[in-house]
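# Observations on the model geometry
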Amino acid sequence: MKRNTILSAITGATLLLFVAACSNSDDNTNGNNNEPKEPTQTVQFSFTDEDFGEDETPTRAGTAEAKPQIVDLGDCEAEISVESEPAVKKTRGAQTPANGHYTIRAYQGGTLKGEMSGTFSGGTFTPDVANKGSIKLAHGTYDFIAFNDDIIPSGNDLTVAKDKAGTAMIGFANAEHINQNPNQTINFTMKHVGARLRTQFVCQKHIPENITATLEQTAANVIPTSIAYNPATKTYTATNGAMTAEASNSPASTETKYTASFYGKFYSYTSTSDYHYFLPTTEGSKLKLTGISAGTVFWKPIPTFNVASLNASLQMQSNKSYVVKIKLKPSFTYLMSDGTTGFFKDTTLGGGTKTPIGLVIGNNRAIALNCADGNNKSLLWLAPSGGWWHGHNNSKVIKFTEILDAYNDMDGYKYTWEASGSYDNTTIKANEKDKYPAFYYAGHYGDELAAAGITVSGNLVGRKWYMPSVGEIEDMHTTLVFGEVDSESYGGKYYFAYTDLINQAVTRVGGQWYLDTSFYGPISTGHTSTEYYDDRLGLPIASAPHNRFYFNFSSTYCRIWRDFDVSRASLVRPIIKYQD
């Protein structure tokens, strides 16, 4: 039988090459000894490393689309899913260095026929002395396996312990025909035997604090702690054992506040743990996250919580990368028609029985889901046109030189419904449809609800909607959408905020938030009930020019600003105080 000797001599910076001289003659002699010379063949072995998750498309882990787990955390909820991660894309032509000690085995029909080992470093392979740099094989078809020293031969099996799951590398070249073709090349793509998994919290707003958690097994001895690969059957057999619980902590998000998520539109803020390494066949249903502590992300501290099982269908595969994605979603509070408050799940649209009529903005107040008078954009604060020089209206008026005092004004109800809220101590603006149309339609928003077939009950009976003051709108800016003042001036305040969150909260239950457009994109604009006058002219308050404040909520910014023309038409977004 003709046999080939595959010799090794390596050069090259990116490939591991085994090269020998080639001879097709059976009667060559060896030098001057006149002894038969063993035929040899030129064969090249190339080694490249493949990253975890190579060419993997992000998808739900498992064959079927799994419904995410939902954990109710009070003012937010955690939506848990397990997804595959793709490898980091490398520059074309770039390869991960394959430095290390490797063993190459040749199998035929599952039987070991030959073995060679050596060290690759700096582009050069040095065979181990004991190998004599060769493998002798008869002509035929072989399966080649290459592996590093983190894989331990045990009889015919190749075994890996869990603590080597992240570093054990193996490569296969199957059905290679050895036939003395002098240009033959055998390529090994070295892959990780193990899989890796990490946790990642994602949010539409920044995550301000570090998150701590523990990853552990759901019961004793349900996680593979060693695995054996059988070259004959080409399958892995796992042996379960005790898994030591591992910290799965992650830092506060580092993405730029507000802009990274386009002001709350996308889940762009991340808090990601280090990787945990597992052997193939590990099941997601046998792993759990416990003691998750995330601090305060939205309005209240998140209670410590657990994820009892990562994923019912996940079975980890070699060289794959997985992420346990925990999406933190704010649970906005709605005012219901029966006077109670609740979350989306309590509404008719969320599977509950209650009808939402407002979005709670704090201090026992809720803002309407739609604007007054059928979202009329043409409502005047004062009519007919008062212009810049309109007269005194409210009992309390902010001085221009003390313009920021307006942000402490919480008297919207008083200006709308109480005679004491007017300068003359007589006029109730909510009853003056012709003179104060904006106040009138804000005050009679309840009539619109009734006309739409919504009857209020409980503690809402007898309570009235009204036009909000500057301070009440600022509460919404700073509390509901986590706004921070960007700038202050004689005109008022600009805010950075996660403005799209309120749009999502309102539209989710059938309301409308953005009702206009601007240079900055979709926008919600409205009157406030707060009035100011220009005290710089030295005129008596009754004859000095008076005006009003308005607010803008756009998809990229929000502001509360003074106007110079009280006759400017705008929307009216009523609010209600639903309990004292």
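Conventions and cut-offs
Per-chain numbering applies: the sequence of each chain, read as written, is numbered from 1 onward. Totals for whole chains, interfaces and linings use every residue, but because this is a predicted model, local features are given only for residues with pLDDT of at least 70 and side-chain atom pairs only at 80 or more, for both listing and counting. Excluding hydrogens and water, the side-chain figures rest on all heavy atoms present in the structure. The helix count covers DSSP runs of H or I at least four residues long, the strand count covers runs of E at least two residues long, and both are numbered beginning at the N terminus. The classification of residues rests on relative accessible area computed with a 1.4 Å probe and restricted to protein chains. Under 20% of the type maximum is buried, over 50% is exposed, and intermediate values are partly exposed. Residue burial considers only the protein chains on display, and all accessible areas are found by Shrake-Rupley using a 1.4 Å probe. Aromatic pairs are defined between Phe, Tyr and Trp rings, using the six-membered ring for Trp, whenever the two ring centres lie within 6.5 Å; interplanar angles under 30 degrees are classed as stacked, those over 60 as edge-to-face, and all others as tilted. The criterion used for residue contact is that any of the two residues' heavy atoms lie within 4.5 Å. The term polar contact refers here to a pair of N or O atoms within 3.5 Å; inside protein, the definition further demands a hydrogen-donor-capable atom paired with an acceptor-capable atom, and it admits residues adjacent in sequence only when both atoms are side-chain atoms. Here, strands pair whenever DSSP counts at least two bridges between them. A residue's pLDDT is simply how confident the predictor is in it, with values from 0 to 100. Should a side-chain nitrogen of Lys or Arg be within 4 Å of a carboxyl oxygen of Asp or Glu, the pair is scored as a salt bridge. To get an axis, fit a line to the C-alpha atoms, keeping to the stretch in contact for a helix; angles then go from 0 to 180 degrees between the N-to-C directions. Put simply, buried Ala, Val, Leu, Ile, Met, Phe, Trp, Tyr and Cys residues joined by side-chain atoms within 4.5 Å make one nonpolar core.

From N to C terminus, the chain includes six helices and 38 strands. Put simply, the chain has 580 residues, and 50% of those count as buried. A total of about 24900 Å² of accessible surface is found on the chain, and carbon and sulfur atoms cover 49% of it.

Any two aromatic rings considered together are summarised by their centre-to-centre distance and by the angle between their planes. Enumeration according to the criterion identifies 23 aromatic pairs in this entry. Arranged with centres 5.9 Å apart and planes meeting at 20°, the rings of Tyr258 and Phe496 form a pair that is stacked. In this pair, Tyr258 is assigned in the loop between strand 20 (246–247) and strand 21 (269–272) and Phe496 in strand 33 (residues 492–496), connecting sequence segments 238 residues apart. Tyr258 sits in the buried class, given a relative accessible area of 3%.

As for its position among the elements, Asn156 is in the loop between strand 12 (152–154) and strand 13 (157–161). For Asn156, a relative accessible area of 30% corresponds to the partly exposed category. Through-space distance from the C-alpha of Asn156 to that of Ala228 is 9.7 Å; in sequence the pair is 72 residues apart. When near neighbours in sequence (up to four residues on either side) are disregarded, Asn156 contacts Tyr107, Gly110, Leu112, Tyr229 and Pro231. At a separation of 3.3 Å, a polar atom in the side chain of Asn156 contacts the main-chain carbonyl oxygen of Gly110.

Once that is clear, we can look at the sheet that holds strand 20. Read across the sheet, four strands follow the order 20-17-23-24 without closing on themselves; strand pairing throughout is antiparallel. Strands at the two margins of the open sheet, each flanked by one partner only, are strand 20 and strand 24 (305–307).

Glancing now at unusual backbone geometry. The backbone of Asn319 shows a phi angle near 65°, a positive value even though the residue is not glycine. Structurally, Asn319 is set in the loop between strand 24 and strand 25 (321–330). Positive phi, close to 55°, is recorded for Phe482, a residue that is not glycine. Positionally, Phe482 belongs in the loop between helix 5 (470–480) and strand 32 (484–489).

What follows covers the confidence of the model for the chain. Here the chain averages 84 in pLDDT, while 83% of its residues score no lower than 70. Here residues 5–31 is modelled with pLDDT under 50, and outside its nearest four sequence neighbours on either side it reaches 86 contacts, counting other chains as well. Every residue in residues 55–65 is under pLDDT 50, and counting partners more than four places away or in other chains gives 24 contacts.

Evaluation of the coordinates by the stated rule reveals 17 salt bridges. Between Glu79 and Lys327 there is a salt bridge; the shortest N-O distance is 3.9 Å. Here Glu79 is found in strand 6 (residues 76–85), whereas its partner Lys327 is found in strand 25, with 248 residues between them in sequence. The salt bridge partner of Glu474 is Lys493, with a shortest N-O separation of 2.9 Å. In this pair, Glu474 is assigned in helix 5 and Lys493 in strand 33, connecting sequence segments 19 residues apart. Like Glu474, the residue Lys493 is buried in the burial classification. Overlapping salt bridges bring together Glu79, Lys327 and Lys329 as one network.

Let's shift gears to the side chain of Glu474. Overall, Glu474 belongs to the buried group, its relative accessible area being 13%. Discounting residues that sit within four places of it in the chain, Glu474 has contacts with Tyr407, Lys493, Tyr495 and Ile560.

On to the pairing of strand 23 (residues 287–293), then. With five bridges joining them, strand 17 (residues 212–217) and strand 23 adopt antiparallel strand pairing. Directly across from Leu215, in strand 23, lies its bridge partner Leu289. Strand direction decides the pairing type here: strand 23 and strand 24, joined by two bridges, are antiparallel. Across the sheet, residue Ile292 finds its bridge partner in strand 24, namely Phe305.

Tracing the sequence through the fold places Val506 in helix 6 (residues 499–508). Judged by its relative accessible area of 0%, Val506 is buried. When the C-alpha atoms of Val506 and Phe332 are compared, they prove to be 9.3 Å apart, with 174 residues separating the residues in sequence. Dropping the residues within four chain positions of it, Val506 is found in contact with Leu359, Leu369, Gly511, Gln512 and Trp513.

If you trace the six strands from one edge of the open sheet to the other, you get 27-26-28-29-38-31, paired in antiparallel fashion. Since the sheet does not close on itself, it has two edges, and those belong to strand 27 (341–342) and strand 31 (465–466), each with one partner. Bridging between strand 28 (residues 356–362) and strand 29 (residues 365–368) involves four bridges; their strand directions are antiparallel. Each residue of the ladder has a partner; that of Gly362, found in strand 29, is Arg365. Along the sheet, helix 5 contacts strand 28, strand 29, strand 31 and strand 38 (575–577); its crossing angle with strand 28, the most-contacted strand, is approximately 80°.

Judged by nonpolar contacts, the single largest core of 76 residues is most densely connected at Leu289, Phe305, Leu310, Leu328, Leu359, Met476 and Ile502. In terms of nonpolar packing, the next biggest core, distinct from the first, is built from 25 residues, Tyr440, Ile454, Met467 and Ile576 among them.

Before going further, it helps to examine the side chain of Ser422. In this fold, Ser422 is placed in the loop between helix 2 (412–417) and helix 3 (437–443). A relative accessible area of 2% places Ser422 in the buried class. Among the polar contacts listed, one links the side chain of Ser422 to the backbone oxygen of Thr427, at a separation of 2.7 Å. A polar contact is formed between the side chain of Ser422 and the side chain of Lys429, at a distance of 3.1 Å. Discounting chain neighbours no more than four positions away, the residues touching Ser422 are Asn393, Asn394, Ser395, Thr427 and Lys429.

Among the nine residues in strand 16 (residues 195–203), eight count as buried, and that is most of the element. As defined by bridge partners, strand 16 adjoins strand 22 (residues 276–278) across three bridges and the pair is classed as antiparallel. Paired with Leu197 across the two strands is His276, which belongs to strand 22. Both strand 16 and strand 21 contribute to a ladder of four bridges, which runs antiparallel. Bridge pairing links Val202 to Thr270 in strand 21.

This part covers helix 5. Summarising burial for helix 5: eight of the eleven residues are buried, a large majority. Buried within helix 5 we find Val470, Gly471, Glu472, Ile473, Glu474, Met476, His477 and Leu480. Looking one or two residues past helix 5, Phe482 carries a phi angle of roughly 55°, positive in sign.

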